[in-house]
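# Reading the structure
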Amino acid sequence: MICNIICNFAIHFFMNTMNIIDREDIGRLCMLAGKAERMVITAHIRPDGDAMGSCTALMRFLRESGKEAYIIFPDRYPDNLAFLADSTERDFILSAEDEPARAAGLVASCGLIFCLDFNKFEDSRCGALRKPLAEAACDKVLIDHHLFPDRDLFSLVFSETEISSTAELLFWILMALPQTGGDPKKLSPGVAASLMAGMTTDTNNFANSVFPSTLRMASMLLEAGVDRDALLGHLYNEYPERRLRLLGKLLYSEMKITEDGVAYMILDRKTMTEYGLREGETEGFVNEPLSIGKVRMSIFIKEDNGYFRVSIRSKKGVSANRCAKKYFNGGGHELASGGRLYAPADIKDISEAAGYVERVTHAFMTEEYGPDGK
Ligand code: 5GP
Ligand code: MN
């Protein structure tokens, strides 16, 4: 009987954990988390659903385990993700841009820092947090799924690039902990919902970067009771009407498609203001042109304060990542990357953006894929 129970537990445990997670790393994680009381969790600038989902999942898990955990983002998270934290939890989430002294104080005084969904201390990814993070003397743990992590910055690295999201990687780490023993029902509803939100947004609701492990995670979280309908409602069905009106306008009259199969759209500040769009509300626009057969890569450029934010998505066979690195001061994943254009280094002003995109993408497609584009 006892033997049966142990055997069932072992089967359950090994089926529900993932072989990418190294047992020794889990031991080191438990040791580092065990000796720290106050912890800081951070993610990249302009947090998206994966950053916000992973951070809130980890903060909830740590606080439920009796730890004093805070989330510090380089800047504010968008209003459309606010549902991922309740009013009490919002007191433990701060933006380094809004509260630089409190943020720097917490980073300097904590015993452990978790870096989620980014993997280097760069201005373009860490903003106001770059210096405090680089100078913090405590141990730092990386949990991330982007290419080329700077491993030397961290005491412990969980880096998987063949995984849907940081939220999924965090899920498998949590499943490998003794506290859960591989049983997703041991996660609180809040932790489970945040993990599902991170994975759902980074896969664009199961449209890309979906691996067998991603569907396993989703299925385990559903069995554990996650309300996916409520989550999808919050993530995709609560936007203001003007967001879709603007997307319609961009697709109808602004989108250009080059001979190389590159679609691009440029959104200037004036139009953003005219439509009253807030941060986070243009999320997903870059994906739309990929539904056109001949489009192999899609680029969305948005004017920001003194620079231009660039989002790039590509279909298999074309590397958004290489294009972002080579021509847009950025990086990311193979098929989903981002970067920036600076004025006057790259372009004089927004009137030159279209010409720049046409020129560099033609060079990129020809250099990388040959004159016939293959
Ligand atoms: P998004 O287009 O959703 O802003 O970003 C897509 C991907 O590109 C994300 O994985 C994000 O981390 C990465 N990314 C976005 N902006 C930058 C950037 O300025 N630098 C780098 N290295 N990666 C970026
Ligand atoms: Mn991510």
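Treat the numbers as computed from the prediction; the structure is a model and nothing was measured. (Residues numbered from 1 in each chain as written. Chains lettered and ligands numbered in written order. Predicted model: local features only at pLDDT ≥ 70, side-chain atom pairs only at ≥ 80, totals over all residues. Heavy atoms only, no water.)

### Here we look at the domain arrangement of the chain
On domain assignment, one finds that the chain holds domain 1 (2-235) and domain 2 (243-369). For domain 1 versus domain 2, the separation of C-alpha centres amounts to 29 Å. Counting residues at the interface gives 12 residues for domain 1, matched by 14 residues for domain 2. Where domain 1 abuts domain 2, roughly 1,000 Å² becomes buried across the two surfaces, and 47% of that area is made up of carbon and sulfur atoms. By the criterion of area lost to domain 2, the three top residues of domain 1 are Arg 46, Ser 124 and Leu 147, representing 42% of everything that side buries. Along the contact surface separating domain 1 from domain 2 lie three salt bridges. (Domains from an automatic or database assignment. Contact = heavy atoms within 4.5 Å. Buried area = accessible area lost by both parts, 1.4 Å probe. Salt bridge = Lys/Arg side-chain N within 4 Å of Asp/Glu carboxyl O.)

### Considering the side chain of Asp 202
Within the secondary structure layout, Asp 202 lies in helix H9 (residues 189-202). Side-chain polar atoms of Asp 202 contact the side chain of His 145, separated by 3.1 Å. Excluding residues that lie within four positions of it along the chain, Asp 202 makes contacts with Asp 48, Asp 50, His 145, Ser 164, Ser 165 and Asn 208. (Helix = DSSP H or I, 4+ residues; strand = E, 2+ residues; numbered from the N terminus. Polar contact = N/O pair within 3.5 Å; in protein donor to acceptor, adjacent residues only side chain to side chain.)

### Some remarks on unusual backbone geometry
Looking along the chain, the bond that leaves Ala 343 and enters Pro 344 is cis, with omega of 5°. Position of Pro 344 among the secondary structure elements: in the loop between strand S12 (336-342) and helix H15 (353-369). The phi torsion at Phe 206 lies on the positive side, around 70°, for a residue other than glycine. A residue is classified by how much of its surface remains accessible, and Phe 206, at 26% relative accessible area, is partly exposed. In this structure, Asn 329 is a non-glycine residue whose phi angle is positive, near 50°. (Buried < 20%, exposed > 50% of the residue type's maximum accessible area, 1.4 Å probe, protein only.)

### A word on the packing of aromatic side chains
Using the criterion set out here, one finds 10 aromatic pairs in the structure. Aromatic side chains Tyr 70 and Phe 92 sit 6.1 Å apart centroid to centroid with 80° between the ring planes, which places their arrangement in the edge-to-face category. Taken as a pair, Tyr 70 in strand S2 (residues 68-73) and Phe 92 in the loop between helix H4 (87-90) and strand S3 (93-95) lie far apart in primary sequence, 22 residues in all. Judged by its relative accessible area of 22%, Phe 92 is partly exposed. Taking 5.8 Å as the distance between ring centres and 75° as the angle between the ring planes, the aromatic pair formed by Phe 328 and Tyr 356 counts as edge-to-face. On the criterion of sequence distance, the pair formed by Phe 328 in the loop between helix H14 (320-327) and strand S11 (331-332) and Tyr 356 in helix H15 is long-range, its members being 28 residues apart. Tyr 356 shares its class with Phe 328; the two are buried. By the ring-pair criterion, three or more aromatic residues cluster together here, those being Phe 118, Phe 121 and Phe 154. (Phe/Tyr/Trp six-rings, centres within 6.5 Å; stacked < 30°, edge-to-face > 60°.)

### Focus: the site of ligand 1
With respect to spatial proximity, the complete set of residues near ligand 1 consists of Arg 125, His 146, Ser 311, Arg 313, Gly 330, Gly 331, Gly 332, His 333, Ala 336, Ser 337, Gly 338 and Gly 339. At 2.6 Å from an oxygen atom of ligand 1 is found a side-chain nitrogen or oxygen belonging to Ser 311. Residue His 333 places a side-chain N or O atom 3.1 Å away from an oxygen atom belonging to ligand 1. Expressed as a share of its isolated accessible area of 490 Å², the protein-covered part of ligand 1 is 79%. Only strand S10 (307-314), S11 and S12 provide two or more residues apiece to the shell around ligand 1. Residue contributions to the shell around ligand 1 peak at four residues, all from S12. Its residues assigned to classes, the shell around ligand 1 shows one nonpolar, nine polar and two charged. (Near = heavy atom within 4 Å. Areas by Shrake-Rupley, 256 points an atom, 1.4 Å probe, with all protein chains shown as cover. Nonpolar A, V, L, I, M, F, W, Y, C, P; charged D, E, K, R; others polar.)

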